[in-house]
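What follows is the residue order along each chain.
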Amino acid sequence: MQFDDNARNALRGFRFNTLFALLSTTLLVGCQHPATHPIQHNSDKHPIQAQIEQVKMGNLLASASTVANPHNEAHTTQPAQYNSDNHPTQASIEQVKLGKVITASTATSAKTATATASTSPSTPPQPEPQRYSLAPLQLTNPVPTTQSNATAPVAVQPLVMQIIASSREGKPVQAILQSALTYFDNHASADALIAQRQAETTATERQAYPDIRPVAGVGKNHTAQFGLEVNYTLFDFGQNDTQVTQRQLTTESAIINKHLEQTKRLSETLIKLGEVAERQARIALTQNTLANINQLLQLAQSRQASGVDNGSDEMLLSIKSAELTTEIQTLKKQLDLSLSLLSRQLIRPISLNDVPTLTQLLAVINTPVADLNQAPQLQQAEKFIERAKAAVEAEKKSLYPKVVVTAGGYKNVKGQSDTQLNVSLQAPTGIFAGSARVNAQEAALLAAQRDYERLADDIRTERSRLDLETDRLQQNLQTFDAFIAQTQRSIDLFNRQFEISQASIADGISPYSTLLRTKIERNNALLELIRIKANRLPLVLPSTLAEK
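Just so we're clear, the structure is a prediction, and the values are computed from it rather than from any experiment. (Residues numbered from 1 in each chain as written. Predicted model: local features only at pLDDT ≥ 70, side-chain atom pairs only at ≥ 80, totals over all residues. Heavy atoms only, no water.)

Undergrad: Just to check I follow, could you spell out the overall build of the protein chain for this structure?
TA: Within the protein chain, the regular secondary structure consists of 14 helices and 4 strands. By the burial criterion, 40% of the 548 residues in the protein chain qualify as buried. Counting every atom, the protein chain has about 29900 Å² of accessible surface; 55% of that belongs to carbon and sulfur. (Helix = DSSP H or I, 4+ residues; strand = E, 2+ residues; numbered from the N terminus. Buried < 20%, exposed > 50% of the residue type's maximum accessible area, 1.4 Å probe, protein only. Areas by Shrake-Rupley, 256 points an atom, 1.4 Å probe, with all protein chains shown as cover.)

Next up, the structure:
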């Protein structure tokens, strides 16, 4: 029995050792071909990025050794932090901790990469940073980070097609806006209010129909009788027609109001989508700057270790690196919140893969040109004026009499029948207060006309302001582009001066920080242009009353 137990233990150990050898061989072969690694941010890697990939490979080897020896706690690794695997720049800050799990082969490669990095901080010009992509979001209302169905082909309403161009870049944005519009229509009371106004119009129209009603009572000789009476207004000087017109104008006003609410919701959705795109771009820019600062930090650490530097550069770079890392974590939380709030107003949630860049979003938003009189707010104000005019006419016509025809047919319990036919002229009620009611409606008409003039002036002023803001921001974009090019030349000058020992490593903090701030300001200008285009939509998209 003892022999069998020893044999089984030996066989189990052989299996573990074989598994460990296979995993180690496979992962070491992967280390020799870093081009096949799925995380590639730039085609030309910095030395610090090569070293970080070796650190990650050490983590994988350590995980493999944990499988081979599950009871050895020295190889136990901690779970990955928020997006740390997707962004190697953050891993460089905790390099000392990660170094504990690097195997002998990967440690040798890391030292070689560090030695290469310490020769010179000169780097080729950085391409535009890639867009940031979050790890799975931990939200109260989770948003999937895989490609969602939010941008799947849907039936796009004409209002959305007026706002967003039907191009390849515009189709995903159209799908997002259509999702927001569907969600709004499903939860708003606009359709119910329109149906109510239409029913009230129908009821007013049917007031002109004959009024037929059964009657029962006691006739001559105290004999019970029953029958039908018909009342019909033969002529009312257009009173009922005026009331129908008022109801129709109220219905049209409700339709225009729905159009305004839909346009404002789409405008808000565009602004929120732009805010998500801006935060996503800011994270990418900050991570790119952090990568450059961490590269300088490693050079400063190497110089201090060799006794060339007294450690002041390392301290300044470490503070800047920690500051950028904290800012990135804050921006990630803000991005999570913005994306969650946006998704809650859509029929289907979206992921960061569905969010366009600021430049793409700005390009696909149309700028409809319409006359001032076609502004939906002015269309609404015109309906108020027409309703006030109809109210004045209704009050004037209420002072006229009505010609009413009354007919009846009766039959008593004895079988005797009787018929009646009367034509009467019904005088209006409240004759003495009629003129006062007319004066009140005329004053309401004057107020509606004044409101129209004031609103037209406000819309004209707002349009002019938006045009001036657009010109100012366009000029700012040109200024930012020139300043970004100048700052990039300053970074190149710093690299050349450092190569000939005329600049310290810490001198690189200023140009990199300036470049980051300038690019962030440029993105803010793009976001403001998106806001201007979105805020202009309720001022220029007229209602066609297609739902009437």
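On we go from here.
Undergrad: Explain the pattern of salt bridges here, please?
TA: Working definition: two side chains of opposite charge can pair if their charged atoms are close together. Under the defined criterion, the tally for this structure stands at 19 salt bridges. We note a salt bridge from Arg-247 to Glu-200, for which the minimum N-O separation is 3.4 Å. Separated by 47 residues along the polypeptide, Arg-247 in helix 9 (residues 239-305) and Glu-200 in helix 8 (residues 190-205) bring together distant segments of the chain. What makes Arg-247 partly exposed here is its relative accessible area of 35%. Given the relative accessible area of 23%, Glu-200 is considered partly exposed. One salt bridge connects Arg-531 with Glu-275, and the closest N-O pair in it is separated by 3.2 Å. Highlighted residues: Arg-531 in helix 14 (residues 509-540) and Glu-275 in helix 9, separated in sequence by 256 residues. For Arg-531, a relative accessible area of 23% puts it in the partly exposed group. (Salt bridge = Lys/Arg side-chain N within 4 Å of Asp/Glu carboxyl O.)

Undergrad: Can you walk me through unusual backbone geometry in this structure?
TA: Working note: non-glycine residues mostly have negative phi, and peptide bonds are mostly trans. Here Phe-237, not a glycine, exhibits a phi torsion of approximately 60°, which is positive. Assignment of secondary structure puts Phe-237 in the loop between strand 2 (224-235) and helix 9. Phe-237 sits in the partly exposed class, given a relative accessible area of 35%.

Undergrad: Explain the pairing of strand 2 to me, please; I cannot follow it from the model alone.
TA: Both faces of the sheet carry side chains from a regular strand, because those side chains alternate between them. Sheet topology places strand 1 (residues 211-218) next to strand 2; 8 bridges connect them, and they run antiparallel. Bridge pairing in strand 2 places Pro-214 opposite Leu-228. Pairing analysis gives 10 bridges linking strand 2 to strand 3 (residues 402-412), with the strands arranged antiparallel. Within strand 3, the residue paired with Gln-225 across the bridge is Asn-412. (Pairing = 2+ DSSP bridges.)

Undergrad: How should helix 13 (residues 431-499) be read in this particular structure?
TA: Side chains of residues three or four places apart in an α-helix project in the same direction, reflecting 3.6 residues per turn. For helix 13, with 69 residues, the first-to-last C-alpha span of 101 Å sits near the 102 Å given by 1.5 Å per residue. Ser-501 sits one or two positions beyond helix 13 and adopts a positive phi of about 65°. (Expected span 1.5 Å × (residues − 1).)

Undergrad: Which parts of the structure should I look at to understand the packing of helix 9 against helix 12 (residues 376-397)?
TA: Any two packed helices are characterised by the angle at which their axes cross and by the distance between the axes. At a minimum axis distance of 9 Å, the contact between helix 9 and helix 12 shows a crossing angle of 165°. One finds that helix 9 runs roughly antiparallel with respect to helix 12. Pair helix 9 / helix 12 crosses with left-handed handedness. (Axes fitted to C-alpha atoms, helices over the stretch in contact; angles between N-to-C directions. Parallel < 35°, antiparallel > 145°, perpendicular 65-115°, else oblique. Left-handed = near helix turned anticlockwise from the far one by under 90°.)

Undergrad: Hey, could you run me through the sheet that holds strand 1 in this one?
TA: Through backbone hydrogen bonds, the strands of a sheet pair up, either in parallel or in antiparallel fashion. Ordered by their spatial adjacency, 4 strands build an open sheet running 1-2-3-4, and the pairing between neighbours is antiparallel. Edge positions in the sheet fall to strand 1 and strand 4 (417-426), since each has one partner strand and no second. Adjacent strand axes in the sheet meet at a mean angle of 20°, parallel and antiparallel pairs treated alike.

Undergrad: Explanation requested: the environment of Gln-196 in the structure shown.
TA: By the element assignment, Gln-196 lies in helix 8. Separated by 55 residues in the primary sequence, Gln-196 and Thr-251 have C-alpha atoms spaced 8.5 Å apart.

Undergrad: Quick question: what am I supposed to make of helix 9 here?
TA: End to end, helix 9 covers 98 Å across 67 residues, agreeing with the expected 99 Å (1.5 Å per residue, within 8%). Along helix 9, 48 of the 67 residues are buried, which leaves the element largely enclosed by surrounding structure. Immediately downstream of helix 9, the backbone of Gly-307 shows phi near 85°, a positive value.

Undergrad: It is not clear to me how the environment of Ala-199 should be interpreted in this structure. Could you clarify?
TA: Within the fold, Ala-199 resides in helix 8. Since its relative accessible area comes to 46%, Ala-199 is described here as partly exposed. Separated by 52 residues in the primary sequence, Ala-199 and Thr-251 have C-alpha atoms spaced 9.4 Å apart.

Undergrad: Could you clarify how one ought to interpret the packing of helix 10 (residues 312-343) against helix 14 in this entry?
TA: Put simply, helix 10 and helix 14 touch, their axes get as near as 12 Å, and they point 20° apart. Judged on the interaxial angle alone, helix 14 and helix 10 are roughly parallel. For the pair helix 10 and helix 14, the sense of crossing is left-handed. Contacts from Leu-316, Leu-317, Lys-320 and Leu-324 in helix 10 reach Ile-509, Ser-513 and Leu-516 in helix 14. Across the contact of helix 10 with helix 14, the residue classes break down as 5 nonpolar, 1 polar and 1 charged. (Contact = heavy atoms within 4.5 Å. Nonpolar A, V, L, I, M, F, W, Y, C, P; charged D, E, K, R; others polar.)

Undergrad: Teacher, can you tell me more about the confidence of the model for the protein chain here?
TA: Looking at the protein chain, pLDDT values average 76 and 70% of them are 70 or higher. Contacts from residues 25-153, a stretch scored under 50 in pLDDT, to residues over four places away or in other chains number 199 contacts. (pLDDT = per-residue confidence, 0-100.)

Undergrad: Would you take a moment to explain the packing of aromatic side chains for this structure?
TA: For any pair of aromatic rings, the description rests on two quantities: the centre-to-centre distance and the angle between the ring planes. Under the criterion given, the structure shown has 3 aromatic pairs. A centroid spacing of 6.2 Å and a plane angle of 40° characterise the contact between Phe-494 and Phe-498, whose relative ring orientation is tilted. On the criterion of helical spacing, the pair formed by Phe-494 and Phe-498 is a turn pair, its members being 4 residues apart in helix 13. For the pair formed by Phe-494 and Phe-498, the shared burial category is buried. Connected via pairs of aromatic rings, a cluster forms that spans Phe-235, Phe-237 and Tyr-400. (Phe/Tyr/Trp six-rings, centres within 6.5 Å; stacked < 30°, edge-to-face > 60°.)

Undergrad: Where do I start with a nonpolar patch on the surface in this structure?
TA: Residues Tyr-232, Leu-234, Phe-235, Phe-237, Leu-399 and Tyr-400 make up a contiguous nonpolar surface patch of roughly 550 Å² in combined accessible area. Mapped onto the secondary structure, Leu-234 falls in strand 2. (Patch = residues over 30% accessible without salt bridge, like charges linked within 9 Å, V, L, I, M, F, W, Y side chains within 5 Å.)

Undergrad: Can you walk me through the environment of Ala-175 in this structure?
TA: Mapped onto the secondary structure, Ala-175 falls in helix 7 (residues 170-187). Remark: the alpha-carbon pair of Ala-175 and Val-156, spanning 19 residues in sequence, is separated by 7.3 Å.

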